[in-house]
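Overview (structure and organization)
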Amino acid sequence: MGLAEEFGKERVFNTPLTEQGIAGFGIGLALMGHTAIAEIQFADYIFPAFDQIVNEAAKIRYRSGGQYNVGGLTIRTPTMSVGHGGLYHSQSPEGFFMGASGLKIVIPRSPIQAKGLLLGSIRDPNPVIFMEPKILYRSAVEQVPVDDYELPLGKAEVLVPGSDLTLLTWGTPVYHCEAALHMLASPSPSLESLIPTSLRSAKIELIDLRSILPWDVEAVTESVKRTGRLVIVHEAGMTAGVGAEISAEVQKRCFLKLNAPVKRVTGWE
């Protein structure tokens, strides 16, 4: 892309392939007041940097009594599966960071969303892990505005309004959910016998969470209180996944409004 030529090799450069070092270098730059955008080549390899991200980046503001922070740090990393990546190129590790107070986690669903949310992440006064669904690099096509714009962090977006059930997801599964809604409303001949006619007119509200930490509790609970049902879809495994945290909070806040238990549809354990 010619970024090094445009902005100078002292600002855009390759580092050794050491994830702990990449994260630590970004933390150091941000501590000195710079804007640091670090890249972990695949989210599957972010674990060597876990100590730097969770014990240093997330806690420096607290540890220093507010004297220092790394709000200028954004860590970009491709995430989720591509269908042929195997164990080192298919993981969705966002749930591992859910308990790290001081971090923000963002997962866009499309190029337009990616630009606005990335600029919002870079300018946010907190360290952000920006996870980009890798399968969308070659499959998602949009006319992205060249002008500067931001999308807010911590705000979900309702993609399809509905009143019978809330379907909550983020990243690549947004498109699987859209396909499922289409199949439900207009099943192919091979599926017609499996989908009762009475269900085909169901009005399902599809929500893209976008920000995993902090997640938009108000938007999700408002929707569930109207629909009475919630299905959470994510690529990561079910145990201790993001859906578990959301499910617990929704059942606490919406208990008397729920017509059925919260359902999670996830990747295999």
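The following refers to the structure shown. Values in this document were obtained by computation on a predicted structure and should not be read as measured data. (Residues numbered from 1 in each chain as written. Predicted model: local features only at pLDDT ≥ 70, side-chain atom pairs only at ≥ 80, totals over all residues. Heavy atoms only, no water.)

In this structure the tally under the stated criterion is 13 salt bridges. A salt bridge links Arg63 to Glu56; the nearest nitrogen and oxygen atoms lie 3.2 Å apart. Note on Glu56: relative accessible area 23%, which makes it partly exposed. Each member of the salt-bridge network shares a partner with another, and the members are Arg109, Glu157, Asp208 and Arg210. (Salt bridge = Lys/Arg side-chain N within 4 Å of Asp/Glu carboxyl O. Buried < 20%, exposed > 50% of the residue type's maximum accessible area, 1.4 Å probe, protein only.)

Let us now look at the packing of helix α8 (residues 217-227) against helix α9 (residues 242-253). Relative orientation of the contacting elements α8 and α9 amounts to 55°, with a least axis distance of 10 Å. What the angle tells us is that α8 and α9 run oblique. Crossing of α8 against α9: the hand is right-handed. Here Val217, Val220, Thr221, Val224 and Lys225 of α8 lie close against α9, whose contacting residues are Glu249, Val250 and Arg253. Among the residues forming the contact of α8 with α9, the class breakdown is four nonpolar, one polar and three charged. (Axes fitted to C-alpha atoms, helices over the stretch in contact; angles between N-to-C directions. Helix = DSSP H or I, 4+ residues; strand = E, 2+ residues; numbered from the N terminus. Parallel < 35°, antiparallel > 145°, perpendicular 65-115°, else oblique. Left-handed = near helix turned anticlockwise from the far one by under 90°. Contact = heavy atoms within 4.5 Å. Nonpolar A, V, L, I, M, F, W, Y, C, P; charged D, E, K, R; others polar.)

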